[in-house]
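A structural walkthrough
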Amino acid sequence: MSEAGQPASSQPPPLAWLSAPSGRRIAYRQQPGDPLDRGPGIIFCGGFKSDMSGGKAQALAAHCAAHGRRFTRFDYSGHGLSEGDFEQGCIGDWAEDALAVLDASEGPQLLAGSSMGAWIALLLMRRRPQRVAGLLGIAAAPDFTEDGLRAGMDAAARDELARSGRWLRRNDYDGGQPYPITAHLLDEARQHLQLRAAIPCALPVRLIHGMRDADVSWQTSQRLLECLDSDDVQLRLIKDGEHRLSRPADLALICSELEELLAACGSDGDTPQHAADPGDAAAG
């Protein structure tokens, strides 16, 4: 239900735009919740080469509309409808885009991050701890540039990267168009690695990962659980789940975990906060 207990509209909110500090124009959709709902809003951070029209973003938008939750989704620069060249992008740029969306939102926000989006959410938590009420990680992929892409390169890929500054990586999704992986992406990402030390966090965190994920091992979410300082961190493993977690049962579980996390955050999203990490250069 939405406004004053009325049924939620099936129409998506209008497309809107904001500017990141760099001047990049970021496309987003922000749907209001029931004015009586005192919980935090939800911001969805999508994955690498994904956009806000994807299955998880759409499912969460529909769920939040039906339950009167404030919900925001957006496209990173070089993704979807946002301006920019994907090949020029990097983790720091995309974190800056997400930070601009968070700063443009009112009140505390729960961050739901899919794959790379969970990494982005961690960076936002460290930059704006007073604004973040909780984290939901879906097939979380922090440090994937180092532990997945760079570590998985064979000699031919390394030669291609050294010769041209980019490597066309095989893509098993969306028609198989190869992903361009640039040296800039891999090198800049080293400024934002999260799984090499404890992560300051006093928030409730819920992680969901498929054990048949061929892109990001479920052990990545286990490592993340171990790195987070918070005692309120839970990991849900789906034995037959793959990376996208987009089957109806997967989407239902994600929405269920979101509701459980919202309950853990409290009605006003007021959760214990940690100090901002002055050493983190996530978003400028």
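Everything below is about the structure printed above this text.
Since the model is a prediction, treat every value here as computed from it, not as a measurement.

A separate point is the overall build of the protein. Looking only at helices and strands, the protein features eight helices and 10 strands. For the protein, the residues scored as buried account for 52% of the 284 residues in total. Long-range contacts, defined here as pairs at least 24 residues apart, represent 76% of the contacts in the protein between residues at least 6 apart.

Moving on: the sheet that holds strand E2 (residues 25–31). The strand order E1-E2-E4-E3-E5-E6-E9-E10 describes an open sheet built from eight strands, whose pairing is mixed. Because the sheet does not close on itself, it has two edges, and the strands there are strand E1 (16–19) and strand E10 (233–238). Neighbour-to-neighbour, the strand axes of the sheet open up by a mean angle of 20 degrees, direction not taken into account. Across four bridges, E1 lies against E2 in antiparallel orientation. Paired with Trp 17 across the bridge in E2 is Ala 27.

Quick look at the layout of surface pockets now. Approximately 930 Å³ is the volume attributed to the largest pocket. Around the largest pocket sit 39 residues that line it, and Phe 48, Ser 115, Tyr 173, Asp 215 and His 243 are the ones nearest its centre. The element contributing the most residues to the lining of the largest pocket is helix H4 (residues 144–150), with four residues. A breakdown of the residues in the lining of the largest pocket according to their chemical character gives 13 nonpolar, 14 polar and 12 charged.

Moving on, we get to empty space enclosed by the protein. Under the criterion given, the structure shown has two cavities of 30 Å³ or more. Leu 111, Ala 118, Ala 121, Leu 122, Leu 135, Leu 136, Gly 137, Val 205, Leu 207 and Leu 224 together form the lining of the largest cavity. Only helix H3 (116–127), strand E6 (132–138) and strand E9 (205–210) provide two or more residues apiece to the lining of the largest cavity. In terms of residue class, the lining of the largest cavity is made up of nine nonpolar, one polar and no charged. Estimated volume of the second largest cavity: approximately 30 Å³. Lining the second largest cavity are Phe 48, Phe 86, Glu 87, Gly 89, Trp 94, Pro 180, Ile 181, Thr 182 and Leu 185. Here the lining of the second largest cavity gets three residues from one element, more than from any other, and that element is strand E8 (residues 179–182).

Here we take up H3. Helix length check: H3, at 12 residues, gives a terminal C-alpha distance of 17 Å against a target of 16 Å (1.5 Å per residue), a fit within 8%. The buried count for H3 comes to 11 of 12 residues, which makes it a mostly enclosed element. Inspection of H3 places Met 116, Gly 117, Ala 118, Trp 119, Ile 120, Ala 121, Leu 122, Leu 123, Leu 124, Met 125 and Arg 126 among the buried residues, and these make up the whole buried set.

The subject of this paragraph is a nonpolar patch on the surface. Together, Leu 15, Trp 17 and Leu 81 make up an exposed nonpolar region whose accessible area comes to about 260 Å². Here Trp 17 shows up in strand E1.

Take the packing of helix H2 (residues 91–104) against H3 next. The contact between H2 and H3 brings their axes to 9 Å, and the two run at 65 degrees. H2 and H3 meet at a crossing whose hand is right-handed. Between H2, through Ile 91, Trp 94, Ala 95, Ala 98, Leu 99 and Leu 102, and H3, the contact on the second element is made entirely by Met 116, Trp 119, Ile 120, Leu 123, Leu 124 and Arg 127. A breakdown of the residues in the contact of H2 with H3 according to their chemical character gives 11 nonpolar, no polar and one charged.

What counts and how
- Residues numbered from 1 in each chain as written.
- Predicted model: local features only at pLDDT ≥ 70, side-chain atom pairs only at ≥ 80, totals over all residues.
- Heavy atoms only, no water.
- Helix = DSSP H or I, 4+ residues; strand = E, 2+ residues; numbered from the N terminus.
- Buried < 20%, exposed > 50% of the residue type's maximum accessible area, 1.4 Å probe, protein only.
- Contact = heavy atoms within 4.5 Å.
- Pairing = 2+ DSSP bridges.
- Axes fitted to C-alpha atoms, helices over the stretch in contact; angles between N-to-C directions.
- 1 Å grid on protein atoms, 1.4 Å probe; cavity = no way out; pocket = protein on both sides within 12 Å on 5 of 7 lines; lining within 4 Å.
- Points joined across faces, edges and corners; volume = space filled by probe spheres on them.
- Nonpolar A, V, L, I, M, F, W, Y, C, P; charged D, E, K, R; others polar.
- Expected span 1.5 Å × (residues − 1).
- Patch = residues over 30% accessible without salt bridge, like charges linked within 9 Å, V, L, I, M, F, W, Y side chains within 5 Å.
- Areas by Shrake-Rupley, 256 points an atom, 1.4 Å probe, with all protein chains shown as cover.
- Salt bridge = Lys/Arg side-chain N within 4 Å of Asp/Glu carboxyl O.
- Left-handed = near helix turned anticlockwise from the far one by under 90°.

In short, shape yes, function no, at least from these values alone.
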